[in-house]
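Chain residues, written in single-letter form:
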Amino acid sequence: MRILVHVLVVLAFGACGSGSKPKDAIVARVGTVPIRASEIQARAPALAPLIRSQLALTSTEIEKRRSLLGFLLKEEAMVQESLRRGYDRDPAVRNEMIARMLQDEVKASNAPSGPSDADVERYYIDHREEMTRPRQVRVLQIFTRDRAVAEEALAQARVAERSDLDKFGELVAKYSADLLSRAYGGDMGFIDQKSSVYPKAVVDAAFALANLYDVSDPIPSERGFHVLKLVQRVPAYTPTPSEAAAEIRDTLKRVLVDRKRIALAKALQQRTQVQVDHEALLQVPLPSGLLSPPLAPMQRTPL
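Throughout this description, residue numbers start from 1 for each chain and increase along the sequence as written. Restriction of local features to residues with pLDDT of at least 70 applies here, the model being predicted, together with a cutoff of 80 or more for giving and counting side-chain atom pairs; totals for whole chains, interfaces and linings are based on all residues. The basis for every side-chain value is the complete set of non-hydrogen atoms in the structure, without hydrogens or water.

Engineer: Can you tell me about the packing of helix H2 (residues 49-57) against helix H3 (residues 61-84), naming the residues and giving the values?
Structural biologist: Interaxial distance between H2 and H3 falls to 9 Å at its minimum, and their mutual angle equals 155 degrees. On the basis of the axis angle, H2 is roughly antiparallel to H3. For the pair H2 and H3, the sense of crossing is right-handed. The residues of H3 that touch H2, namely those facing Ile51, Gln54, Leu55 and Ala56, are Lys64, Ser67, Leu68 and Phe71. Residues are sorted three ways: Asp, Glu, Lys and Arg are charged, Ala, Val, Leu, Ile, Met, Phe, Trp, Tyr, Cys and Pro are nonpolar, and all the rest, Gly among them, are polar. Residues that form the contact of H2 with H3 fall into these classes: 5 nonpolar, 2 polar and 1 charged. Convention adopted: a line fitted to C-alpha atoms gives each axis, helices being fitted over their contacting stretch, and angles between N-to-C directions are expressed from 0 to 180 degrees. The helix and strand labels rest on DSSP assignments: H or I over at least four residues marks a helix, E over at least two residues marks a strand, and numbering proceeds from the N terminus. Any angle that falls under 35 degrees is termed roughly parallel, while one over 145 is termed roughly antiparallel, one within 65 to 115 roughly perpendicular, and all others oblique. Handedness of each helix crossing follows the sense of rotation of the near helix against the far helix: counterclockwise by less than a right angle gives left-handed, clockwise gives right-handed. Contact criterion: two residues are considered in contact whenever any of their non-hydrogen atoms come within 4.5 Å of each other.

Engineer: Which residues make up the confidence of the model for the protein, and what values do they have?
Structural biologist: Scored from 0 to 100, pLDDT reflects the predictor's confidence in each residue. Confidence in the prediction for the protein averages 82 pLDDT; 84% of positions are at 70 or higher. When pLDDT is averaged over each helix and strand of the protein, the minimum, 43, is found for strand S1 (residues 5-7) and the maximum, 96, for strand S4 (residues 136-144). Note on residues 1-20: pLDDT under 50 across the span, and 39 contacts to partners over four residues away in sequence or across chains. In this model residues 296-303 is a low-confidence stretch, pLDDT under 50, and it forms 22 contacts with partners more than four residues away in sequence or in other chains.

Engineer: A description of the pairing of strand S2 (residues 26-30) should follow, citing residues and the corresponding values.
Structural biologist: Relative accessible area decides the class of each residue, using a 1.4 Å probe on protein chains only: under 20% of the type maximum gives buried, over 50% gives exposed, and in between gives partly exposed. Counting buried positions along S2 yields 4 of 5 residues, so the element is predominantly enclosed. Strand pairing is assigned whenever DSSP identifies at least 2 bridges connecting the two strands. Summarising the sheet, S2 and strand S3 (residues 33-36) pair through 4 bridges and their orientation is antiparallel. Following the sheet pairing, Ala28 is matched in S3 by Ile35. Adjacent in sequence and paired antiparallel, S2 and S3 are bridged by 2 residues, among which Gly31 carries a positive phi angle near 65 degrees.

Engineer: Explain the sheet that holds strand S5 (residues 187-192) to me, and be specific about the residues and the numbers.
Structural biologist: With respect to topology, 4 strands assemble into an open sheet ordered S5-S4-S7-S6, the strand pairing being antiparallel. Each having just a single partner strand, S5 and strand S6 (219-220) make up the two edges of the open sheet. Pairing of S6 with strand S7 (residues 225-234) involves 2 bridges; the strand directions are antiparallel. Of the residues in S7, the one forming a bridge with Pro220 is Phe225. Running over the sheet, helix H6 (residues 147-159) touches S4 and S7 and is turned about 40 degrees from S7. Sheet strands in contact with helix H7 (residues 165-175) are S4 and S7, and its direction is about 40 degrees off that of S4.

Set out below in structure tokens:
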């Protein structure tokens, strides 16, 4: 589609005729869309640094004005072509537009700048248990589907020096069939007693190891056998009110903004005229993903 561009020379872009045009005159048109002097002044600071540096190199003020207008005309032409192609109906673009609009509405509504000290204290009291980090252990494992292999790996692990993690890593590389933990020397990461990533028997066995560098007997699970080595303990920890204050304030700010956005969205919907054709709605085919309940999230288990 060819876009007809009409350039109207006015005071801001001309060399003569001072005082003959209004302050916010139409400087140009792209199709039927006018570009005013105030819009150019508002959009100029947002130009990319490279474009601004190019404008700075132009010789005269009139050339700077003409170059600036040229950039904005090209931008407006691309905007109009994007609209013609329907990019404004793209879900990602629409979501970004809505998010920006709601953000501006929240700012304009003089929403509270932040929660009070009393709000922070009340949140800490109500959510103290949720902020407590549970007791954790970190273990290395050798996993195999064969009990005899597990017994052999265990015998070699117990012959080695208790604190020799490199030796245990060699046994992991030699015997373990769990590709993920094997890539990290058998490291299963930190787990707590409520962890559902690994079988309960494995979690219970990890916490049953009494001393650092203890090695467990082969632990049977539905997949095979696990030989565990305890390498770290982390006690339970609850942050103090002062330690948790910054995170609590961020949380409460998000809650306040979300509530404001919900209220604004509801108000906008109520004052917008909406008509629904229920018979046509009943004929809309539903995507296959909405026809059956979602599957439970997959849990990682050793191979």
